[in-house]
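Chain and residue survey
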Amino acid sequence: MAVESYRLTTEGRTKIYVPAVSITSPLPPTSPAFFNPRGRKVRDLAVLACRAYTKLYGEADFGDPLAGVGAKSLRVLVESEGIAHAYINDLNSKAIKLARRSAAANLVLNRASFTVKSANQFLELHARPGRRFSIIDLDPFGSPTEFVDSAIRALQYGGMLSLTATDTAPLSGVYRKVAFRKYFGYSLRTDFSRELGLRLLCAMVVRRGIALDMFPRPVFVHSDQHYMRAYFFLETGAEAANRAIDELNFIIECNRCGAVTVHKEPTGSCEECGSSVRYCGPAWTGPIFDRKFVRQMGEEARGNHLSRYEKLLIKAAEEIDHPPFYYNIPRIADRLDAPAPSPTSVIESLVKQGWHATLTIIDPQGVRTDAPLSAVISLIRKE
Ligand SMILES: C[S@@+](CC[C@H](N)C(=O)[O-])C[C@H]1O[C@@H](n2cnc3c(N)ncnc32)[C@H](O)[C@@H]1O
Ligand SMILES: [Zn+2]
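Residues numbered from 1 in each chain as written. Chains lettered and ligands numbered in written order. Predicted model: local features only at pLDDT ≥ 70, side-chain atom pairs only at ≥ 80, totals over all residues. Heavy atoms only, no water.

**Brief notes about the pairing of strand 3 (residues 60–64)**
A large share of strand 3 lies buried, amounting to five of its five residues. Of the two faces of strand 3, the one carrying Ala60, Phe62 and Asp64 and the one carrying Asp61 and Gly63 are both buried. Two strands pair when backbone bridges link them, and strand 3 and strand 4 (residues 83–89) are joined in this way by five bridges, in the parallel orientation. By the bridge assignment, Asp61 is partnered in strand 4 with His85. (Buried < 20%, exposed > 50% of the residue type's maximum accessible area, 1.4 Å probe, protein only. Helix = DSSP H or I, 4+ residues; strand = E, 2+ residues; numbered from the N terminus. Pairing = 2+ DSSP bridges.)

This is how it looks when you write it as structure tokens:
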């Protein structure tokens, strides 16, 4: 690669060689190698997750089958003390060349290995005792589904799997059939589609796992307009896998009054008003945050260059005991033709009435609560 075609950039505390064009162009190209400067938040949170995981469970290695220029691997090697070694793989040899150069610039060359293989082939080579990873991150273009099976088989018991899906349109209910093909469940276009998409993504990973008598338990999720992302801890045994089935359900929304319920079957009519319903699923309806892990992530952010995430993580730890959906206040207010109160003021009023209610990191306009929609509506009307 010509010298002028790449740049040394710094992200967090890590130096990364990237194609110059990926910094200057609005849409980073895949050639000569892929690097997205806007992926920084994902990588920041991956650093915090690795720090939390290794603080709680000890030293770990990091498998990166779709590494691009190795940005995430390099970040965790440099910024997360507990990561002993990173295995950096990509099908694009130019990307791997840059990753090696960056490893040298960060003085971590002795803690990194580099390969140019297809991701599934790379994972297959690690799917045996003594070679399995403690952490694997899947970061493909589009859906991660085709790599999940081999990732689970290449992960140690108790290991952590993280993955990104950038096919947010199928997951958010725009292409329901595509969602069914890629995620084995129907998505739904509604006020809280983003949460439903995250729960479909989790369900796909759980279903891949339980087929292998394992249970990849969701421990953290986050998303924005362009991606959905989830983290899992791998539990093993048929018993854990059977328990997971109880949390694969349909999330059902009334076509008329908007009431939301969770059921094993996608049939029936609205429990509140008797009207017809629509559904999403089977989706993961169990917890999507692990309190201990998410709190530790928050602690890892305190007092350093990643401190801007501390609040977000503390908020996520509060959502754990609440239902698997939220109410988007401005959208409900819009349908009522009423001004929208702030989500915080709705929460205050609900809590005064004895309900549980909290903000959600999935949607800044969302209120997660065990109160029925009717209670939320009467609050909005009152305001
Ligand atoms: C979204 S990028 C990875 C970005 C990177 N993880 C980061 O944080 O900057 C996806 C990468 O997957 C690679 N890729 C696509 N299909 C692959 C396959 N089947 N096996 C291995 N790598 C593949 C591409 O070359 C590209 O570098
Ligand atoms: Zn209804």
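Having seen it, we continue.
**Observations concerning the nonpolar core**
The biggest cluster of nonpolar side chains holds 119 residues, and the ones touching the most others in it are Leu138, Leu161 and Phe293. At ten residues, the largest contribution of residues to this core is made by helix 9 (residues 193–210). Two domains share this core, each providing at least three of its residues, namely domain 1 (3–247) and domain 2 (327–383). If sequence neighbours within four positions are ignored, Leu161 has contacts with Ile136, Leu138, Ala151, Ile152, Leu155, Val205, Ala230, Tyr231 and Phe232. Listed in part, the six residues of the second largest apolar core include Phe250, Ile252, Ala259 and Val277. (Core = buried A, V, L, I, M, F, W, Y, C linked by side-chain atoms within 4.5 Å. Domains from an automatic or database assignment. Contact = heavy atoms within 4.5 Å.)

**A few points about the sheet that holds strand 10 (residues 248–254)**
A sheet is described by the order of its strands in space; here three strands give the open sequence 11-10-12, paired in antiparallel fashion. The open sheet terminates on both sides in strands that have one partner only, identified here as strand 11 (260–263) and strand 12 (277–284). The mean inter-strand angle of the sheet, taken between neighbouring strand axes irrespective of direction, is 25 degrees. Judged from the four bridges that link them, strand 10 and strand 11 form a sheet pairing that is antiparallel. What sits directly across from Ile251, in strand 11, is Val262. The sheet strands contacting helix 9 are strand 10 and strand 12, and the helix crosses strand 12 at an angle near 45 degrees. (Axes fitted to C-alpha atoms, helices over the stretch in contact; angles between N-to-C directions.)

**Description of the site of ligand 1**
As a matter of local geometry, ligand 1 sits amid 16 residues, with Leu66, Gly68, Asp90, Ala119 and Asp139 nearest to it. In this structure, an oxygen atom belonging to ligand 1 sits 3.3 Å away from a side-chain N or O atom of Arg43. For ligand 1, a nitrogen atom lies 2.8 Å from a polar atom in the side chain of Asp139. In isolation ligand 1 offers 610 Å² of accessible surface; the protein chains occlude 86% of this area. Residue classes in the shell around ligand 1 are distributed as nine nonpolar, three polar and four charged. (Near = heavy atom within 4 Å. Polar contact = N/O pair within 3.5 Å; in protein donor to acceptor, adjacent residues only side chain to side chain. Areas by Shrake-Rupley, 256 points an atom, 1.4 Å probe, with all protein chains shown as cover. Nonpolar A, V, L, I, M, F, W, Y, C, P; charged D, E, K, R; others polar.)

**Remarks on the pairing of strand 9 (residues 227–236)**
Burial within strand 9 is extensive, with eight of its ten residues counted as buried. Examined bridge by bridge, strand 7 (residues 155–165) and strand 9 share six bridges and lie antiparallel to one another. In the strand pairing of strand 9, Ala165 is matched with Met228. Relative to strand 9, strand 8 (residues 214–224) runs antiparallel, the two sharing ten bridges. If you follow Pro218 over to strand 9, its bridge partner there is Phe232. Here strand 8 hands over to strand 9 after two residues, the two strands then running antiparallel side by side.

**Remarks on the domain arrangement of the chain**
For the chain, the assigned domains are domain 1 (3–247) and domain 2 (327–383). Taking only C-alpha atoms, the centre of domain 1 and the centre of domain 2 are 34 Å apart. Facing nine residues of domain 1, the contacting portion of domain 2 comprises eight residues. Together, Asp191, Arg194 and Glu195 form the three largest contributors to the area buried by domain 1 at its contact with domain 2, with a combined 70%. Between the two partners, domain 1 and domain 2, sit three salt bridges. Measuring nitrogen to oxygen at the nearest pair gives 2.9 Å for the salt bridge that ties Glu195 to Arg368. On the surface where domain 1 and domain 2 come into contact, there are three residue pairs in polar contact (both at pLDDT 80 or more). Those elements that place two or more of their residues in the side of domain 1 that touches domain 2 are helix 9 and strand 8. (Buried area = accessible area lost by both parts, 1.4 Å probe. Salt bridge = Lys/Arg side-chain N within 4 Å of Asp/Glu carboxyl O.)

**Some details on the packing of helix 11 (residues 291–301) against helix 12 (residues 310–318)**
Contact geometry for helix 11 and helix 12: axes closest at 8 Å, N-to-C directions at 165 degrees. The orientation of helix 11 with respect to helix 12, classified from their angle, is roughly antiparallel. In the crossing of helix 11 with helix 12, the sense of the turn from one axis to the other is left-handed. Every residue of helix 12 that contacts helix 11 at Arg291, Val294, Arg295, Met297, Gly298 and Ala301 is listed here: Glu310, Leu313, Ala316 and Ala317. Residue composition of the contact of helix 11 with helix 12, grouped by class: six nonpolar, one polar and three charged. (Parallel < 35°, antiparallel > 145°, perpendicular 65-115°, else oblique. Left-handed = near helix turned anticlockwise from the far one by under 90°.)

**Observations regarding the coordination of the zinc ion (ligand 2)**
Taken together, Cys254 (SG), Cys257 (SG), Cys270 (SG) and Cys273 (SG) make up the full set of protein donors to the zinc ion (ligand 2), lying 2.3 to 2.4 Å away. Because the angles between the four donor atoms bound to the zinc ion (ligand 2) fall within 100 to 118 degrees, the donor set is best described as tetrahedral. Written as a sequence motif, the donor residues of the zinc ion (ligand 2) are C-x2-C-x12-C-x2-C. A residue is classified by how much of its surface remains accessible, and Cys270, at 7% relative accessible area, is buried. (Donors = N, O, S within 2.8 Å, 3.2 Å for Na, K, Ca; no water. Tetrahedral: all angles 85-135°; square planar, octahedral: opposite > 155°, others 65-115°.)

**Examining the pattern of salt bridges**
Per the stated rule, a full pass over the model turns up 23 salt bridges. Linking Asp137 and Lys72 is a salt bridge whose minimum nitrogen-to-oxygen distance equals 2.7 Å. Separated by 65 residues along the polypeptide, Asp137 in strand 6 (residues 133–138) and Lys72 in helix 3 (residues 71–79) bring together distant segments of the chain. Exposure class is identical for Asp137 and Lys72. Each is buried. Measuring nitrogen to oxygen at the nearest pair gives 3.5 Å for the salt bridge that ties Glu124 to Arg153.

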